[in-house]
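# Reading the structure
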Amino acid sequence: MKAKWTVAVLAAVLAFGPAGAGQPQAEAFNVSGGGAACEEFSACRPALVVDGTRVFVVWVERAEDGTAVLMLARSTNGGDTFFPPQAVEVTRARGTQQPSLAVVSNGNLILAWSDQRTGDFDVYLAFSNDNGATWSWGPDREAINISGNDGDSLQPSLVGNGAGMFAVAWSDNSVDARVNPSGARDGFLRAGIDPGQTGVQFPSLGDAINVSRRFTPTRQSPAERPALALNGDLPAEVFVAWQQRGVGDEDVFFHQSAGFFPINVSDTPTVPSREPVIAAHRAAGGVPGVQVVLAWTEQSGSRSRILSQSTSGAGVSLTLPDF
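Now for a quick tour of the structure. (Residues numbered from 1 in each chain as written. Predicted model: local features only at pLDDT ≥ 70, side-chain atom pairs only at ≥ 80, totals over all residues. Heavy atoms only, no water.)

### Some thoughts on the sheet that holds strand E7 (residues 67-75)
Taking strand neighbours across the sheet as the criterion, the four strands line up as E5-E6-E7-E8 in an open arrangement whose pairing is antiparallel. Of all strands in the sheet, those with a lone pairing partner are strand E5 (47-51) and strand E8 (86-94), marking the two edges. Averaged over all adjacent pairs, the angle separating strand axes in this sheet is 20 degrees, with direction ignored. Alignment of E5 against strand E6 (residues 54-62), held across five bridges, turns out to be antiparallel. Opposite Ala47, over in E6, you have Val58 as the bridge partner. (Pairing = 2+ DSSP bridges. Helix = DSSP H or I, 4+ residues; strand = E, 2+ residues; numbered from the N terminus. Axes fitted to C-alpha atoms, helices over the stretch in contact; angles between N-to-C directions.)

Spelled out as structure tokens, the structure:
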């Protein structure tokens, strides 16, 4: 049964006074207008990005013919009000889901999502240099398929920076006779340059990288829920976190583009650690290097908690490799 999903953005956040008492919350702003029908909440979770006073929200709406399209609403006053939503037409296909949105150089936007237009799920990208009014990747006004394989490519995560760099990660169960004969889920990554800034076409930038790097994966140990961070330098460093089932329950793993093997940052073999998020920024107080911060959910019976780990030195000192 389809659950109705209405995307709403808070006009104000919950504030606390000196004594810690909560202030009344402002009424949410309905950016989607009419309802949007989604089969699963996880498949159509909205994506949001903020660039100064510009706010962009993207979500899934399904049509009666079984296709779906991503809708975009835009604000120019920090989210106080929104223009009426409009369709991102290059996304109309069966199975459209899981959008991710990023701002790159000069305020350009890049959008990632997964859909079934080729039969299986692939990850697609589209680019906009006019505040989301039009989307394409090239002169033919089409999106670009960046996974392009025989497996199901899902859960895209997208990040960009002001230097014009961006990266996309996703979970993929493509069969590879050398490293993944069983078709287990691994995490993959591609990085690129803002096409509006350079004119460089994404396919020329090489194949996707298997960041989870498991040479004996199984279907019972998927690498899923990738999250990305990107520093603002050139050349940019990319930081990836994901959840992966190992010997016991799921753990949160971390990888950095400098090239060392994945690191188990939760290391809880009997307690599931899931849904990682990650951020990277220049270390404060004159400390050299990049500060990397991760957070994730740990579930033990009926008790859950949010854990976080932070390190400078681009994440090298998070923990010793668990291999």
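### Quick word on the sheet that holds strand E9 (residues 97-103)
Taken in spatial order, the four strands make up an open sheet running E9-E10-E11-E12, and their pairing is antiparallel. At either margin of the open sheet sits one strand with a lone partner, and together these are E9 and strand E12 (144-145).

### What about the packing of aromatic side chains?
One pass over the full model with this rule turns up three aromatic pairs. Between Trp113 and Tyr124, the aromatic rings sit 6.1 Å apart at their centres with planes inclined by 20 degrees, giving stacked as the arrangement. Here Trp113 is found in strand E10 (residues 109-115), whereas its partner Tyr124 is found in strand E11 (residues 122-128), with eleven residues between them in sequence. Each of the two residues, Trp113 as well as Tyr124, counts as buried. Ring centres of Trp242 and Phe253 lie 6.2 Å apart, and the angle between their planes is 15 degrees; on these two criteria the pair is classed as stacked. Taken together, the positions of Trp242 in strand E18 (residues 238-245) and Phe253 in strand E19 (residues 250-256) put the pair eleven residues apart, joining distant regions of the chain. For the pair Trp242 and Phe253, one class covers both residues: buried. (Phe/Tyr/Trp six-rings, centres within 6.5 Å; stacked < 30°, edge-to-face > 60°. Buried < 20%, exposed > 50% of the residue type's maximum accessible area, 1.4 Å probe, protein only.)

### Here's the deal with the layout of surface pockets
Considering only enclosed or pocket space, the largest pocket measures out at about 740 Å³ in volume. What lines the largest pocket is a set of 26 residues, and nearest its centre among them are Arg45, Ser100, Ser157, Pro226 and Ala227. Its residues assigned to classes, the lining of the largest pocket comprises 17 nonpolar, six polar and three charged. (1 Å grid on protein atoms, 1.4 Å probe; cavity = no way out; pocket = protein on both sides within 12 Å on 5 of 7 lines; lining within 4 Å. Points joined across faces, edges and corners; volume = space filled by probe spheres on them. Nonpolar A, V, L, I, M, F, W, Y, C, P; charged D, E, K, R; others polar.)

### Digging into the nonpolar core
Membership of the largest hydrophobic core comes to 19 residues, with the highest contact counts inside it found for Leu70, Val88, Val90, Leu101, Leu111, Trp113 and Trp135. Contributing elements (two or more residues each) for this core: E5, E6, E7, E8, E9, E10 and E11. Beyond its immediate stretch of four places on either side in the chain, Leu101 contacts Ala47, Val49, Phe56, Val58, Ile110, Leu111, Trp135 and Leu158. (Core = buried A, V, L, I, M, F, W, Y, C linked by side-chain atoms within 4.5 Å. Contact = heavy atoms within 4.5 Å.)

### Considering the pairing of E10
Most of E10 sits inside the fold, with seven of its seven residues counted as buried. Neither face of E10 is left uncovered, since the one carrying Leu109, Leu111, Trp113 and Asp115 and the one carrying Ile110, Ala112 and Ser114 both have all their residues buried. Sheet topology note: the E9/E10 ladder contains five bridges and is antiparallel. Considered in E10, the bridge of Leu101 is made with Leu111. Between E9 and E10, which pair antiparallel in sequence order, lie five residues; one of them, Asn106, sits at a positive phi of approximately 60 degrees. Inspection of the sheet shows E10 paired to E11 by seven bridges, in the antiparallel sense. Bridged to Leu109 within E11 is Ser128. Here E10 hands over to E11 after six residues, with Gly119 in that stretch at a positive phi of 110 degrees.

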